[in-house]
Amino acid sequence: MGSICEQGETKRRQSADFHEVFAFSHSDFNSTRANSNNNTIIENQNQIIVKNYQPENALLNLNDMDIISEQMKKICKIQIKEKLGTGFFTYIPFPTKNQKLLVLITNNHILQQDDIWPKSKNSIKLFINNERYCHYLDIDEITKTYTNPDYDITIVEIKETNNILFTNNVLDIDEDIYNQPKQIDKYKKLKVYLVQYPEAREVKQSDGLIENIALDNFSIEHTCKTTKGSSGSPILKLDNHKVIAVHRGNFEKKNNLKRGILINAPINDFIKKYTVSN
């Protein structure tokens, strides 16, 4: 069972490269209290997600905002040593057992293999619902793992528990993204939005477009605004609010375009890895 999180101070440091990793010491809390699931409930002045924000690229309307506000509560901030990024929970199908697996997805440069191997001493902190809840993710809560530096994706299966902190904060994957990989071109110029913890602050959204899709059929360029701490953020379709991609970082010479990866390739690899091994 994961343990509760500690109090501390936030410290801003310079990111080492073009990955949007945010370094810190500990999160800045006003007060904390533990609930029955060993999650810390954090009480401070920045818990309310403002619903009447203005869309940055005029793609959103009033009907979208209530839904997006609820989706924003489900995103988690991930803290490992001096790294900080964004991640999210979802269910993915596991055909051989006719079931769905609860997984946490983020960037590989945020959550690496060394962080999650059985003898790892690294502490993995998860902050959820605009930092209202905090949970230490223990290694024994993780079962299946998948890390891919080329995709810059890490997927870890979380043991099914009674901890509603996980099961009540799940984003849906757009099934078309991995069931129909030959139709990837239809995602070009698609209206999307990204949910993130920029600069280790409160959760925010940024809307934009998928501008380009690479020849490899999984690397994308998008126009959502991001900054340090945004790595691992989910990119969702505006029309159905389901995840189709994961944000990776910035380009060195393309200030208006950001890097991402469509979620179909790493999810299919994860399924194949454990279908073969089982």
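If you're wondering where the values come from, they're calculated on a predicted model, not measured in any experiment.

Novice: Go over the overall build of the chain, please, and point to the residues and values.
Specialist: What the chain contains, in helices and strands, is 5 helices and 16 strands. With 278 residues in all, the chain has 55% of them scored as buried. When the accessible surface of the chain is split by element, carbon and sulfur atoms take 45% of a total near 12900 Å².

Novice: So, the sheet that holds strand S15 (residues 243-250): which residues are in play, and what are the values?
Specialist: The 6 strands are arranged S11-S12-S13-S16-S15-S14 in a closed barrel whose pairing can be described as antiparallel. The average undirected angle you get between the axes of adjacent strands in this sheet is 45°. In this sheet, strand S13 (residues 219-222) lies alongside strand S12 (residues 204-213) in antiparallel orientation, the contact comprising 3 bridges. Looking at S13, one finds that Ile 213 is bridged to Ile 220.

Novice: Can you tell me about the packing of aromatic side chains, naming the residues and giving the values?
Specialist: Tallied over the entire structure, the rule returns 3 aromatic pairs. The interplanar angle of 40° and the centroid separation of 5.0 Å between the aromatic rings of Phe 89 and Phe 166 together place this pair among those described as tilted. With a gap of 77 residues between them, Phe 89 in strand S4 (residues 83-94) and Phe 166 in helix H3 (residues 164-167) connect regions that are remote in the sequence. Per residue, the accessibility class of Phe 89 equals that of Phe 166, and both read buried. Relative to Phe 218, the ring of Tyr 151 has its centre 4.7 Å away and its plane inclined at 75°; by these criteria the two rings are edge-to-face.

Novice: Please give an account of unusual backbone geometry that cites residues and values.
Specialist: The backbone of Asn 129 shows a phi angle near 60°, a positive value even though the residue is not glycine. Summarising the element assignment, Asn 129 is placed in the loop between strand S6 (124-128) and strand S7 (133-137). Owing to a relative accessible area of 18%, Asn 129 belongs among the buried residues under this scheme. One non-glycine residue with positive phi stands out, namely Lys 189, at about 70°. Here Lys 189 is to be found in the loop between helix H4 (176-179) and strand S11 (191-196).

Novice: Kindly report on the pairing of S7, identifying the contributing residues and their values.
Specialist: Put simply, side chains in a regular strand alternate between the two faces of the sheet. Along S7, 4 of the 5 residues are buried, which leaves the element largely enclosed by surrounding structure. By the bridge criterion, 5 bridges tie S6 to S7 in an arrangement that is antiparallel. Bridge pairing links Phe 127 to Cys 134 in S7. As consecutive antiparallel partners, S6 and S7 are separated by 4 residues, and within that stretch Asn 129 has a phi angle of approximately 60°, a positive value.

Novice: Quick one: what's the story with the pattern of salt bridges, residue by residue and with numbers?
Specialist: The tally for this structure, following the rule as stated, stands at 8 salt bridges. The salt bridge partner of Lys 144 is Glu 157, with a shortest N-O separation of 3.3 Å. In this pair, Lys 144 sits in strand S8 (residues 142-148) while Glu 157 sits in strand S9 (residues 153-158), placing the two residues 13 residues apart along the sequence. With a relative accessible area of 14%, Lys 144 lands in the buried category. Among the residues examined, Glu 157 registers a relative accessible area of 11% and is labelled buried. Across the pair Arg 248 and Asp 152 runs a salt bridge whose closest N-O atoms are separated by 3.9 Å. With Arg 248 in strand S15 and Asp 152 in the loop between S8 and S9, the pair connects residues that are 96 residues apart, well separated along the chain. Both residues of the pair, Arg 248 and Asp 152, count as buried. Residues joined in a network through salt bridges with shared partners are Asp 174, Lys 237 and Asp 239.

Novice: Give a detailed account of the confidence of the model for the chain, specifying residues and quantitative values.
Specialist: Summary statistics for the chain give a mean pLDDT of 76 and a share of 71% for residues scoring 70 or more. For the chain, the element scoring lowest by mean pLDDT is strand S1 (residues 31-34), at 42; strand S14 (residues 234-237) scores highest, at 95. Every residue in residues 6-36 is under pLDDT 50, and counting partners more than four places away or in other chains gives 108 contacts. Overall, residues 41-57 carries pLDDT values under 50, and its contacts beyond four positions in sequence, including any with other chains, amount to 52 contacts.

What counts and what doesn't
Residues numbered from 1 in each chain as written. Predicted model: local features only at pLDDT ≥ 70, side-chain atom pairs only at ≥ 80, totals over all residues. Heavy atoms only, no water. Helix = DSSP H or I, 4+ residues; strand = E, 2+ residues; numbered from the N terminus. Buried < 20%, exposed > 50% of the residue type's maximum accessible area, 1.4 Å probe, protein only. Areas by Shrake-Rupley, 256 points an atom, 1.4 Å probe, with all protein chains shown as cover. Pairing = 2+ DSSP bridges. Axes fitted to C-alpha atoms, helices over the stretch in contact; angles between N-to-C directions. Phe/Tyr/Trp six-rings, centres within 6.5 Å; stacked < 30°, edge-to-face > 60°. Salt bridge = Lys/Arg side-chain N within 4 Å of Asp/Glu carboxyl O. pLDDT = per-residue confidence, 0-100. Contact = heavy atoms within 4.5 Å.

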